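Summary of the model geometry
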Amino acid sequence: MNGRVLVVTGALGALGKVVADTAEARGARVAGIDHAPAQRPATERRLELGGVDLTDEAQAKKAIDAAAAHFGRLDALVNIAGGFVFETVADGSDTSWQRMHAMNVLTALNASRAALPHLVGSGHGRIVNIGAMGALQAGAGMGPYAASKAGVHRLTEALAAEWKGKVTVNAVLPSTIDTDANRASMPKADFAKWVRPLELSEVILFLASDAASAVTGALIPVAGRL
């Protein structure tokens, strides 16, 4: 990661913070993009762009271009921005399906489209998306979320095929991530079986590195201890 420039979307969330901090600690320069307000001033090593709606194509392009201008180039994009809803098909609404598609698919699509010209110019271009093991076979109440994450899987494969030889595109498929929010929503679960943010971060940063130059189009399960 030393010297590489990464953009991390959803950088102020539980996983995004770990990925951004770990990448910076390993010598990367990191631009974090989030819908929430920025929390720190810009430095030579770190840039936070807050208040960005990545479901809007123009806002996504403006943020990505600002990150590339700040650091002079862009080597990798990690698409973490997204959301979750638990809702059965019969009792749910169209709004939830549309919201999950926008938060999980459109954010990755818009950021990727904006980043690709910069990534090609880098010569080391990497895109890493966040899919979900729960999208491989949806359970009850998982329909809207699983459908949207399945869309991320197909987006990953399509981009990998279209940009083969120029930019690698892969996705990690975590099980339940061990975050404060997930512990609060599932207090009786066995947290020790969940995948820790740092563990998932290690796989993400491997895929964003030169070591993964021969890996593209992969959907990599990161199941923790389930």
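Fair warning: this is a prediction, and the values are worked out from it, not measured in the lab. Within any chain, residue numbers begin from 1 and follow the written order of that chain's sequence. Residues qualify for local features only when their pLDDT is at least 70, as the model is predicted, and side-chain atom pairs are given and counted only at 80 or more; totals for whole chains, interfaces and linings, by contrast, use all residues. Hydrogen atoms and water are omitted, and side-chain values are computed over all heavy atoms in the structure.

The next point concerns the overall build of the chain. When helices and strands are tallied, the chain shows six helices and seven strands. The way it works is that DSSP assigns letters per residue, a run of H or I at least four long becomes a helix, a run of E at least two long becomes a strand, and they are numbered from the N terminus. Along the chain, helices (α) and strands (β) appear in the sequence β-α-β-β-α-β-α-β-α-β-α-α-β when read from the amino end. Values of the radius of gyration come from C-alpha atoms, whereas the globule rule sets the reference at 2.2 Å times the count of residues to the power 0.38. A globule of 226 residues ought to have a C-alpha radius of gyration of about 17 Å, and the chain, at 17 Å, matches this closely. A separation threshold of at least 6 residues defines the contact pool for the chain, and within that pool the share at least 24 residues apart is 68%. The averaged location of the 21 negative side-chain charges in the chain is 5 Å from the averaged location of its 22 positive side-chain charges. Every residue pair with non-hydrogen atoms within 4.5 Å of one another is taken to be in contact. When charges are counted, Lys and Arg are positive and Asp and Glu negative, with His and the chain ends excluded. By convention, the charge on Lys lies at NZ, on Arg at CZ, on Asp at CG and on Glu at CD.

This next bit is on the packing of helix α2 (residues 57-71) against helix α3 (residues 94-122). One can describe the packing of α2 onto α3 by two numbers: an axis separation of 8 Å at closest approach and a directional angle of 35°. At the point where α2 passes α3, the crossing takes the right-handed sense. Of α3, the residues touching α2 (which contributes E57, A60, K61, I64, D65 and A68) are N110, A111, R113, A114, A115 and H118. Basically, the charged four are Asp, Glu, Lys and Arg, the nonpolar ten are Ala, Val, Leu, Ile, Met, Phe, Trp, Tyr, Cys and Pro, and anything else, Gly included, counts as polar. Along the lines of polarity and charge, the residues of the contact of α2 with α3 split into six nonpolar, two polar and four charged. To obtain each axis, a line is fitted to C-alpha atoms, and for helices this fit is confined to the stretch in contact; angles are then taken between N-to-C directions over 0 to 180 degrees. Rotating anticlockwise by less than a right angle from the far helix to the near helix defines a left-handed crossing, while the corresponding clockwise rotation defines a right-handed one.

Our next topic: helix α4 (residues 143-162). Here a helix's expected span is defined as the number of its residues, less one, multiplied by 1.5 Å. With 20 residues, α4 extends 28 Å from end C-alpha to end C-alpha; this agrees with the ideal 28 Å at 1.5 Å per step. Taken together, the buried positions of α4 are G143, P144, Y145, A146, S148, K149, V152, H153, L155, T156, L159 and A160. Residues of α4 that are buried make contact with α3, β5 (126-130), β6 (168-174) and β7 (219-222). Throughout this description, buried means an accessible area under 20% of the type-specific maximum (1.4 Å probe, protein chains only), exposed means over 50%, and partly exposed covers the range between.

Everything listed here is a matter of coordinates, which is why it stays silent on function.
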